[in-house]
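Topology and contacts: notes
Listed below, chain by chain, are the residues.
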Amino acid sequence: MSLIIDVNNIEKTYTETAVPVHALRGVDLQIEAGEFTAIVGPSGSGKSTLLNIIGGLDVPSTGSVVVNGTDISQLNANQLIDFRQKNIGFVFQAYNLIPVLTAKENVEFIMLLQGRSKSERDARVKELLEEVGLMDKMDNRPTQLSGGQQQRVAVARALASKPSFVLADEPTANLDSKSTANLLDIMLKLNQEEGMTFVFSTHDQRVIDRARRVLTLEDGKIVSDIKTKA
Amino acid sequence: MGAVILGLWSILFATSFSAGMISAMIEKGIRHQHSHLQIHHNNYQKNKEAKHFIEDAESILQKSASDENIQASAARVTTQAMMNTTKGVRGIQVIGVQAEREAQLTDIDQFIITGKYFDGKQRKPILVSKGIAEKMKLKESTKLVLTFQNTLGDISTLSFRVAGIFDTGNAMLDDTRVYVPFKSLQTALGLAEGQAHELAFFLKDASELERSQAALAAIAPRLHVQSWEDLAPEFRVFEEQFRISIYVILFIIMLALIFGIINTMLMAVLERIRELGMLMAVGMNKRKVFNMILTETVLLTLIGAPIGILLAWISITFFSENGINLGAYAEGLSSMGVGHIIRPVFEPEVFFITSIMIIITAILAAVYPAYKAVKLKPVEALRRA
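1. Some remarks on the nonpolar core
By size, the foremost hydrophobic cluster in this structure holds 169 residues, and its most contacted members are Leu50(A), Ile39(B), Ile126(B), Val128(B), Leu144(B), Leu146(B) and Leu199(B). In terms of residue count, helix 9 (residues 233-271) of chain B provides more of this core than any other element does, 11 residues in total. By size, the runner-up hydrophobic cluster in this structure holds 12 residues, among which are Ile112(B), Phe118(B), Leu127(B) and Phe166(B).

2. Observations concerning a nonpolar patch on the surface
A cluster of nonpolar side chains, namely Ile244(B), Val248(B), Phe251(B), Ile252(B), Leu255(B) and Phe259(B), defines an oily patch on the protein surface of about 610 Å² accessible area. Following the sequence through the fold, Ile244(B) ends up in helix 9.

3. What to know about the interface of chain B and chain A
Every contact between the two is made by 16 residues of chain B and, on the other side, 18 residues of chain A. Taking both partners together, chain B and chain A bury about 1500 Å²; carbon and sulfur atoms supply 65% of that area. Our count for the contact surface shared by chain B and chain A stands at 0 salt bridges. For the pair chain B and chain A, the interface holds 4 residue pairs in polar contact (both at pLDDT 80 or more). Contributions of two or more residues to the side of chain B that touches chain A are made by helix 10 (273-281), helix 11 (286-322) and helix 14 (378-383) of chain B. Here the residues of the side of chain B that touches chain A are counted per class, giving 9 nonpolar, 2 polar and 5 charged.

4. Some remarks on unusual backbone geometry
For residues other than glycine, phi is negative in most cases, and the peptide bonds are mostly trans. The residue Tyr95(A) is not glycine, and still its phi comes out positive at about 65 degrees. Relative to the helices and strands, Tyr95(A) resides in the loop between strand 6 (88-91) and helix 3 (103-113). A positive phi is found at Lys124(B), a non-glycine position, where the angle reads about 45 degrees. Relative to the assigned elements, Lys124(B) resides in the loop between strand 4 (112-115) and strand 5 (125-129). Judged by its relative accessible area of 44%, Lys124(B) is partly exposed.

5. Thoughts on the environment of Arg157(A)
Among the secondary structure elements, Arg157(A) is positioned in helix 5 (residues 147-160). With 50 residues separating them in the primary sequence, Arg157(A) and Val107(A) have C-alpha atoms 4.2 Å apart. Setting aside residues up to four positions removed in sequence, Arg157(A) forms contacts with Phe90(A), Phe92(A), Tyr95(A), Asn96(A), Leu97(A), Asn106(A), Val107(A), Phe109(A), Ile110(A) and Met278(B).

6. Quick notes on empty space enclosed by the protein
Any empty space left between the atoms is revealed when a probe the size of a water molecule rolls over them. Residue and element names in this part refer to chain B. Under the defined criterion, the tally for this structure stands at 3 cavities of 30 Å³ or more. Of the pockets and cavities examined, the largest cavity occupies roughly 80 Å³. Surrounding the largest cavity, Met 1, Ala 3, Val 4, Ile 261, Thr 264, Met 265, Thr 297, Leu 300 and Thr 301 form its lining. When contributions to the lining of the largest cavity are tallied by element, the ones reaching two or more residues are helix 1 (2-34), helix 9 and helix 11. Across the lining of the largest cavity, the residue classes tally to 6 nonpolar, 3 polar and no charged.

7. Some thoughts on the pattern of salt bridges
Applying the stated criterion across every chain, the model contains 26 salt bridges over all chains. A salt bridge links Glu120(A) to Arg116(A); the nearest nitrogen and oxygen atoms lie 3.5 Å apart. Judged by its relative accessible area of 36%, Glu120(A) falls in the partly exposed class. In this structure, Arg76(B) engages Glu102(B) in a salt bridge whose closest nitrogen and oxygen atoms are separated by 3.0 Å.

8. What about the side chain of Arg212(A)?
Residue and element names in this part refer to chain A. Relative to the helices and strands, Arg 212 resides in the loop between helix 7 (205-210) and strand 9 (213-218). Although Arg 212 lies buried, it forms no salt bridge, and the closest oppositely charged side chain, Glu 35, sits 8.7 Å away as judged by the N-O distance. A polar contact is formed between the side chain of Arg 212 and the side chain of Asn 191, at a distance of 2.4 Å.

9. What about the sheet that holds strand 5 (residues 70-71) of chain A?
Residue and element names in this part refer to chain A. Reading across the sheet, the 4 strands line up as 2-1-4-5 and stay open at both edges, with antiparallel pairing between neighbours. The two strands at the open ends of the sheet, each matched to only one other strand, are strand 2 (21-32) and strand 5. Two elements, strand 4 (residues 62-67) and strand 5, share 2 bridges in a ladder whose sense is antiparallel. If you follow Val 67 over to strand 5, its bridge partner there is Thr 70.

10. Here we look at the sheet that holds strand 3 (residues 36-40) of chain A
Residues and elements named next belong to chain A. Spatially, 6-7-8-3-9-10 is the arrangement adopted by the 6 strands of the open sheet, whose pairing is mixed. For this open sheet the edge positions go to strand 6 and strand 10 (221-227), each flanked by a neighbour on one side alone. Sheet twist, expressed as the mean angle between neighbouring strand axes with direction ignored, is 20 degrees. Across the sheet, helix 5 touches strand 6 and strand 7 (165-169), and the angle it forms with strand 6 is around 170 degrees. Against the sheet, helix 6 (residues 177-194) makes contact with strand 3 and strand 8 (197-202), and its axis sits at roughly 150 degrees relative to strand 8, the strand it touches most.

Reading the values: the criteria
Residues numbered from 1 in each chain as written. Chains lettered and ligands numbered in written order. Predicted model: local features only at pLDDT ≥ 70, side-chain atom pairs only at ≥ 80, totals over all residues. Heavy atoms only, no water. Core = buried A, V, L, I, M, F, W, Y, C linked by side-chain atoms within 4.5 Å. Buried < 20%, exposed > 50% of the residue type's maximum accessible area, 1.4 Å probe, protein only. Helix = DSSP H or I, 4+ residues; strand = E, 2+ residues; numbered from the N terminus. Patch = residues over 30% accessible without salt bridge, like charges linked within 9 Å, V, L, I, M, F, W, Y side chains within 5 Å. Areas by Shrake-Rupley, 256 points an atom, 1.4 Å probe, with all protein chains shown as cover. Salt bridge = Lys/Arg side-chain N within 4 Å of Asp/Glu carboxyl O. Contact = heavy atoms within 4.5 Å. Buried area = accessible area lost by both parts, 1.4 Å probe. Polar contact = N/O pair within 3.5 Å; in protein donor to acceptor, adjacent residues only side chain to side chain. Nonpolar A, V, L, I, M, F, W, Y, C, P; charged D, E, K, R; others polar. 1 Å grid on protein atoms, 1.4 Å probe; cavity = no way out; pocket = protein on both sides within 12 Å on 5 of 7 lines; lining within 4 Å. Points joined across faces, edges and corners; volume = space filled by probe spheres on them. Lys, Arg positive; Asp, Glu negative; His and termini not counted. Pairing = 2+ DSSP bridges. Axes fitted to C-alpha atoms, helices over the stretch in contact; angles between N-to-C directions.

Laid out in structure tokens, this is it:
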């Protein structure tokens, strides 16, 4: 297994507030290709901050983050945008689909940004929507889809750019049990059959139960790292 | 988009409206007052004395008839006089007109509101304006006396009876003059048959003005042949004033439009902060985000602009046919020499320039919201509820 995320002793302190907030206090973390890892912990423990830093949406105050061999803490804003586009898929808690686009177009536009050809885009959209079981909904707009369906479109969108891993920030927080189970089935299937790496933050016990590695954060530090299954 | 539609419509309509007003003023001035061309004695315009008359006025009129572009022409004799009535005395310009020719030339017979135009049967008839009639308490058949100097410098006195009261709609001019029959004034001034002070010509085709002016100058080489532009330089001043006021209006509307668009697009950015955050998170770079906001504005403008232009065109066409009745302001307009029915004039080049300006304005106004969008940090934008 190759190392794709290598976090070295990062700290993050927010100084914009009157009292500085130490969100992360020395985190070391290595994630290998093919992992299905949950980062858990109470609110304010630093889960989202860690995920944002790994995803290149935020920068650490100290320490380095090496993703696929690139130290992303050294990249400038435009290089980071480019890096994210090519390497990382994002799934957000609130789905964040573009309301005026159909499911198909939501999945497709990231490939437009990458300048892929129409035939390539069409084939990939079809493949992904089939994997998330939404072929029949491809012309529906987000408002015509349930929460679970919207999050499945979001997963398909995250995979569209063929990233090396997917970061998901509390992906099931807005979903009911059935949709959660369904989404997890799809993500696990993608993980097992295609080797896609997933890293997600969650509070949700149903998700934690199915993760293969569970990292627990408390007060900005990793307090436990349990590999539950081989 | 509403801002673009309304802005474009109001600018186009305002310019057409004022263009209509100016051209109505000029047209009216030419039709009823100055005609296209006038001929005077070389010294007449400097010093409007009776002695500066045209020796061969009638023969010039006859010769000019060979120019087919001349639709109507007439000779006039004029003098400054004191008008005495039972109510008082006032200075006035007396114009002796050839009844039939003058009616064809300036339509003065159409503006008689009380009494009659000269019919050749009245005894010592005079036409006075509505304003003078009111001020001097003149009615039909009221007697009045005019005192003036003749060509020899002697004082002459003529008595008249009001035959008709006229109102051309241009009170400013009407109240400075009275009309009497040509012959009676010509004789009283001591002028001989065929002599006059002024010759006026109305043309069929105004675009041939210069050619007709040259033709008249050839017939009357020692006289002063002037076009309406020389005779009424105030028209150009009015036109300039109107243009300036239009630019002021244009500036204000453009300013309102800029703020309207900034507001709309800023709202569009603020409402979609999370969406923009997501776009930047998944790899849309700043240039693309900036271009996206700009493109949206341009598209909104490109949709709005044709609607605004269409609405303006429809309303201008409608009102240019039916006229806008500003009856409530008739008095003020009349004092400026403009009738109270205004017909907006469709000016293609104004449409073109304004439309381009609106589109440029819209793009400029979109820069700030687009800049705000680019300045968003994806991680903060995504956190917004």
